[in-house]
Amino acid sequence: MNPFSFVIFKDRTYYKAKNTTTGAIQFTNPNPSIVFNSVITAMNISGGGIAGIRNGLYPIDDNPIILKHFTGFVGEDQEKTILRSHLTNDTIFRYWHGASSTPLEDFTLSNLKIELNNRNGNGTGHSESAWISSGTKNCRMSNLWLKSFSEPAIPTIGFFLDTAQNTNCNQSLIVQNCRFEGPLMGQDMLGCGNLVDCDFSRNEFRNCTAQAIGVGASFHSIISNNRFVNVGNAIGYESLCENNLISDNVLYNTSGIKLSGGWEKNSIHISRNNKCVNNHFSYGDGGIEAAISIDDEISGNKFYRTRRNGIQGSFLRTVLDNNIFTDTNYGNHSDRLLGNHTLQRTGGIIAYNSNTALIPMNEWNSFVNNTFHRSGIKFPVNDLQVQGYTNGLVIDTKYLNSFVYLIKGNIGKDLIRNFGTRANIS
């Protein structure tokens, strides 16, 4: 039994769609967008279906592909089934029904190469994004290769899973085994609104000039086993982030992971009860930032030769154990503490206590078995010879409890190995 309701292919100068039930060529047009839209409408009317796409080049130049529930497209090969955007005022795939609309349900997209900013076929020619949607439910993206060949004319999110002014969520969305690469003039490559029970795993993000994954609010979702190379923030949570797993990601030359921004007064950007564990950071700018971290676990992460700090934030009942820092802060300009008048900088852990009421008081945290290593050996970064200034754990001196006040907030001025501390306030 054929798994596809239709098979789309190119025949000389025409694009055709064969109905696999009748065996007839049901749609023919020199414009592939018209064939795609005819197929997706027919499948939706009949209750749903998946269309297979044969290898070939499909320029999308007049109309976006309007997405419908219970349908999808599966290419023949991730590198040879190519959808090339010629659109300058719209996206290749569109499901935009605005605020409070019904989310796109049960849509599948797989085994395709999607080209942006390559309208001329030689790595030039501006085009719009690959995708825009106003909420999704039970959708699956797998084995996609989204590539932006050059900077667009205007800042553009590459693949935008929006949630229409927070009226919808992306629920039970799966993005796996995909590859995202290229510049977007300061915008996210994979931009998301709110995530609920989603799974972003085993993807690669490469050479993105800004944030790789941008998330609004996120609940009960997984971002794990991904690879990030030469990007801005690998992951950036922009709102409330609760009960998520961020684990086993490999980050090379990135700006790190932002669990919460939250430095502004009365911030809603809070990281709560998340596990950010076993991630590996090397080179690049920073490690993990959590401006407001409550009941999180940030453990088992490895930081190797990052330009600034390893972990920084304001913590309440957070576990920060078993992290390893090697030759971090090689730029020797990590953030200073807000209340530390010695201007202490550290490439290890910085625990703030800001004057903002919502930022925690750095109480009931665990800092156990963290290792801080400064080799003293210079290494090359961008044709310069640099060395790390890892230092250790620094807690803002506005926190007046226990051992912290007694040593003015500075623990481990230089090299500390196998260092473990615990500050429990009763």
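Just above, that's the structure.
Rules of the game
- Residues numbered from 1 in each chain as written.
- Predicted model: local features only at pLDDT ≥ 70, side-chain atom pairs only at ≥ 80, totals over all residues.
- Heavy atoms only, no water.
- Helix = DSSP H or I, 4+ residues; strand = E, 2+ residues; numbered from the N terminus.
- Buried < 20%, exposed > 50% of the residue type's maximum accessible area, 1.4 Å probe, protein only.
- Disulfide = S-S within 2.5 Å.
- Phe/Tyr/Trp six-rings, centres within 6.5 Å; stacked < 30°, edge-to-face > 60°.
- Core = buried A, V, L, I, M, F, W, Y, C linked by side-chain atoms within 4.5 Å.
- Contact = heavy atoms within 4.5 Å.
- Polar contact = N/O pair within 3.5 Å; in protein donor to acceptor, adjacent residues only side chain to side chain.

A word on unusual backbone geometry
Part 1: One non-glycine residue with positive phi stands out, namely Asn143, at about 50°.
Part 2: Along the chain, Asn143 falls in strand 14 (residues 140–148).
Part 3: For Asn143, a relative accessible area of 30% corresponds to the partly exposed category.
Part 4: Phi is positive for Ser172, which is not a glycine, with a value near 55°.
Part 5: The residue Ser172 is located in the loop between strand 16 (170–171) and strand 17 (174–176) in this model.

Regarding the state of the cysteines
Part 1: Under the criterion given, the structure shown has zero disulfides.
Part 2: No disulfide involves Cys139; its nearest neighbouring cysteine sulfur is the one of Cys198, lying 9.8 Å away.
Part 3: Cys192 provides the cysteine sulfur closest to Cys198, a residue in no disulfide bond, and the two sulfurs are 7.8 Å apart.
Part 4: Its relative accessible area of 3% is what places Cys198 among the buried residues.

Looking at the packing of aromatic side chains
Centre-to-centre distance and the angle between the planes together describe a pair of aromatic rings.
Part 1: The final tally for this structure, using the stated rule, is 17 aromatic pairs.
Part 2: Where Phe325 meets Phe372, the ring centres are 4.9 Å apart and the plane angle is 5°; that geometry is what we call stacked. On the criterion of sequence distance, the pair formed by Phe325 in strand 38 (residues 324–326) and Phe372 in strand 40 (residues 365–373) is long-range, its members being 47 residues apart.
Part 3: Residue class for Phe325 comes out buried when judged on its relative accessible area of 0%.
Part 4: Summarising the aromatic geometry, the rings of Tyr330 and Phe379 are spaced 5.9 Å apart at their centres and angled 90° between planes, so their arrangement reads as edge-to-face.

Brief notes about the nonpolar core
Part 1: Ranked by size, the top nonpolar core spans 80 residues in total, and within it Phe73, Phe93, Leu109, Trp131, Phe159 and Phe200 carry the most contacts.
Part 2: Sorting elements by how many residues they give to this core places helix 1 (residues 32–45) first, with six residues.
Part 3: With near-sequence residues (within four places) excluded, Phe73 lies in contact with Ile8, Phe36, Ile40, Ala51, Ile53, Ile65, Phe93, Phe107, Thr108, Leu109 and Ser110.
Part 4: Counting residues in each nonpolar core, the second largest holds five residues, with Tyr283, Tyr330, Val381 and Val386 among its members.

Structural notes on the environment of Asn203
Part 1: When you line up the elements, Asn203 lands in the loop between strand 21 (199–201) and strand 22 (204–206).
Part 2: Here the alpha-carbon distance between Asn203 and Leu144, two residues 59 residues apart in the chain, equals 9.4 Å.
Part 3: In this structure Asn203 touches Val175, Gln176, Asn177, Cys178, Asn225, Asn226 and Arg227, once residues within four positions along its chain are discounted.
Part 4: There is a polar contact of 3.1 Å between the side chain of Asn203 and the backbone nitrogen of Asn177.

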